Structure formats: structure tokens, C-alpha cells
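What the coordinates show
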Amino acid sequence: MKIERNESIFLEILFLRTLYANKKAVWWTSVIQILATLVIYVKTDHPIYAAFALAFFLIVLGRTANASAFERKDLSSATMADLRTWEWRYLLGAISTCILLGLLCLVSIYVLADPSAAITSVAIVVASMVALVTRNYVSPTVVIGMSIGILAPLFLTFVLLGGIYNWLLALLILPYFWSNIQAAAIALGCTAGQTAIERRCQPLRRRAERHAARVADVRPQPDNHRRQYEGGEKDGL
């Protein structure tokens, strides 16, 4: 049981490091979100988009600070509860960004009903969701939370717009949400299985390397034997 627990903690630490390794990608994605939101603000001259840009900026500052704190943290003696805390801290920042993206679409499409703002907002959301699963697949909790954060406001937007066409679009969001969960589960299963196999093979690999080193140490050197043989022949002559 202790070996299984240590292996579980090892995998959790590995998955957390994979999550928090996205710090630069998160920063640049947030920069694009801020710039695009400011473009909408300049186009519409509506102060709510300046507020969105400020909110994106504050959230990415918090996420960057949290990632830096994680990098400095010594996890050698961490418990599973500690690791879960770090996962939820990551999720808090990620889901905040996603909820903000969903609300941005809700405001642009339904509240203000500005065509250019709506198109730009949807473009921001689509660009942000491209890497949602590939960056966060190691944590199904994060994938589910981020997907709900973005898709729930979009679902509400289409429902509020009314009409068969918009309601159909709202229903199409559900299979997309399910596909995110399935893709994350498949990727996580493959990664966890491969990592567990490699970890279990490490002792065998080290043992084989030590055995090969011992064999190399005791193996006679051909050059030395040849020199000794040639020296013996000369002495005999």
C-alpha cells in the first residue's frame, strides 16, 4: 500500500508540474485576450470592455504569481491534500479566465448586440479553447471546470436569444463539452500508464546498467593481452 501511495503522489506531482509548466503560454494568451478586448473597446467606445481588459490583466497577474509560488515550493514531503490544494489554486485562476470569456460573449452577443464586438468576442473564445484540453488534460477537474466556465455563459446566451435556431446551437454545446471530457480522460490514461510503466522499469534499468558496468570492469582488455604476449615472445627470443 505504501508503494502504491508513493507512486500516486509521484504521478500527482508530475501532473501538477505539467499544469504549471504552461505559465508562459498562459501569459501570452492573456496578452492576446487583453489586446483583443481593448480593440473592441476602441471600436465600440463602451467602458465595459475596458473593465473586461482590466479583469483579464488582474487575473493573469494572480495566475503568474501562483505559478511562481508553485515553482519555488518543495514538494518532496507533500501529501495528497497539499497537491489537491495546488490543483484547486490552478483551477481557480483558469476558471476565472474562462468565466470572463463566457461573459464577454454574453455581453457582446445578447446585452449590447454589437455585431463586430460579437464576432471578435467569439474569435477570442475559439482561440482560447483550442488548447484547453491539450494544456490541461492531466487534470480532468480543470478541463471540466474550464469548459463549464466558458460554455455555460454561451449556452445561456443562445437560450436567451430565443428561437429554434439559437436553441439548437445551445444544444450543440453539450456534445462539445462531453468531447472535451472524453479527450482529456483518454490522454490522461495514456500518459499515466506510460509514466507508471517507465517508473516501474527504472529499477530494472539501473540494475542492468550496474551489471553491465561490472562486466566491463572484469572483462580482459585485448590490447593489454596482446602487448603482454608480444613482450613474452621478445623475451623468449
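Everything discussed here concerns the structure shown above.
The following paragraphs examine the structure supplied in this document. (Residues numbered from 1 in each chain as written. Predicted model: local features only at pLDDT ≥ 70, side-chain atom pairs only at ≥ 80, totals over all residues. Heavy atoms only, no water.)

**Remarks on the overall build of the protein chain**
What counts, and what does not: Strands are runs of DSSP state E lasting at least two residues, helices are runs of H or I lasting at least four, and both sets are numbered from the N terminus onward. Accessible area is worked out with a 1.4 Å probe on protein chains only. A residue is then buried under 20% of its type maximum, exposed over 50%, and partly exposed in between. Throughout, a residue-residue contact means that at least one pair of heavy atoms, one from each residue, lies within 4.5 Å. Each accessible area is a Shrake-Rupley estimate made with a 1.4 Å probe; only the visible protein chains count as cover when residues are assessed.
Within the protein chain, the regular secondary structure consists of nine helices and zero strands. Counting over 237 residues, the protein chain shows a buried share of 35%. Taking the contacts inside the protein chain whose residues are at least 6 apart along the sequence as the reference set, 73% of them involve residues at least 24 apart. Put simply, the protein chain shows about 14,400 Å² of open surface, and 67% of that area lies on carbon and sulfur atoms.

**Some thoughts on the pattern of salt bridges**
Once their charged atoms are close, side chains differing in charge can pair, the charge on each being opposite to the other. For the record, the criterion: For this document, the term salt bridge refers to a Lys or Arg side-chain nitrogen within 4 Å of an Asp or Glu carboxyl oxygen.
Taken as a whole and judged by the stated rule, the model has three salt bridges. Its salt-bridge partner being Glu12, residue Arg84 comes within 3.0 Å of it at the nearest N-O pair. With Arg84 in helix H4 (residues 80-111) and Glu12 in helix H1 (residues 2-20), this residue pair connects regions lying 72 residues apart in the sequence. Across the salt bridge formed by Lys23 and Glu71, the nearest N and O atoms sit 3.3 Å from each other. In this pair, Lys23 sits in helix H2 (residues 23-44) while Glu71 sits in helix H3 (residues 47-72), placing the two residues 48 residues apart along the sequence. Residue classification places Lys23 among the partly exposed positions, given a relative accessible area of 25%. A residue is classified by how much of its surface remains accessible, and Glu71, at 48% relative accessible area, is partly exposed. Among the ionic contacts, a cluster of salt bridges with common partners joins Glu12, Arg84 and Glu87.

**Quick notes on the packing of aromatic side chains**
Given two aromatic rings, one states the distance between the centres and the angle between the planes to describe the pair. For clarity, the threshold we go by: For Phe, Tyr and Trp, where Trp contributes only its six-membered ring, two rings pair if their centres lie within 6.5 Å, and the inter-plane angle classes them as stacked under 30 degrees, edge-to-face over 60, or tilted in between. Put simply, a charge is over a ring when the Lys NZ or the Arg CZ is close to the ring centre, within 6 Å, and near the line of the ring normal, within 35 degrees.
Evaluation of the coordinates by the stated rule reveals five aromatic pairs. Taking 4.1 Å as the distance between ring centres and 15 degrees as the angle between the ring planes, the aromatic pair formed by Tyr20 and Phe70 counts as stacked. Remark: Phe70 occurs in helix H3 and Tyr20 occurs in helix H1; sequence separation between them is 50 residues. The buried category is assigned to Tyr20, whose relative accessible area is 4%. Phe70 gets classed as buried once you look at its relative accessible area, which sits at 2%. Between Phe70 and Trp86, the aromatic rings sit 5.4 Å apart at their centres with planes inclined by 70 degrees, giving edge-to-face as the arrangement. Taken together, the residues Phe70 in helix H3 and Trp86 in helix H4 connect sequence positions 16 residues apart. For Trp86, a relative accessible area of 9% puts it in the buried group. The ring of Tyr90 carries Arg63 above its face, with NZ or CZ at 5.6 Å from the centroid.

**A look at the packing of H3 against H4**
Defined as follows: Lines are fitted to the C-alpha atoms to define the axes, a helix being fitted only along its stretch in contact, and any angle between axes, read from their N-to-C directions, falls within 0 to 180 degrees. Oblique is the label for any angle not under 35 degrees, not over 145, and not in the 65 to 115 range, which are roughly parallel, roughly antiparallel and roughly perpendicular in turn. For any pair of crossing helices, the crossing counts as left-handed if the nearer helix is rotated counterclockwise from the farther one by less than a right angle, and right-handed if it is rotated clockwise. For this scheme, ten residues count as nonpolar: Ala, Val, Leu, Ile, Met, Phe, Trp, Tyr, Cys and Pro. Four count as charged, namely Asp, Glu, Lys and Arg, and the remainder, Gly too, count as polar.
Packing of H3 against H4 brings their axes to within 10 Å, and their N-to-C directions diverge by 165 degrees. Taken together, H3 and H4 sit at an angle that is classed as roughly antiparallel. In the packing of H3 onto H4, the handedness of the crossing is left-handed. Residue classes in the contact of H3 with H4 are distributed as 16 nonpolar, five polar and two charged.

**So, a nonpolar patch on the surface**
Our working definition: To count toward a patch, a residue needs a relative accessible area over 30% and no salt bridge; like charges are then connected within 9 Å, while nonpolar side chains (Val, Leu, Ile, Met, Phe, Trp, Tyr) are connected within 5 Å.
The grouping of Trp27, Trp28, Leu54, Phe57, Leu58 and Leu61 at the surface amounts to a nonpolar patch, some 610 Å² of accessible area in total. For the nonpolar patch, the elements supplying multiple residues, two or more each, are H2 and H3. Sort the elements by how many residues they give to the nonpolar patch and H3 lands first, with four residues. Here Leu58 is to be found in helix H3.

**A word on unusual backbone geometry**
Residue Asp45 is not a glycine yet carries a positive backbone phi of 60 degrees. Note that Asp45 resides in the loop between H2 and H3. Located in the positive-phi region is Ala113, a residue other than glycine, with phi close to 55 degrees. Relative to the helices and strands, Ala113 is located in the loop between H4 and helix H5 (115-129). Ala113 sits in the exposed class, given a relative accessible area of 51%.

**Here's the deal with the environment of Leu38**
With respect to the element layout, Leu38 can be found in helix H2. Taking the C-alpha atoms as reference points, Leu38 and Ala51, separated by 13 residues in sequence, lie 9.5 Å from one another.

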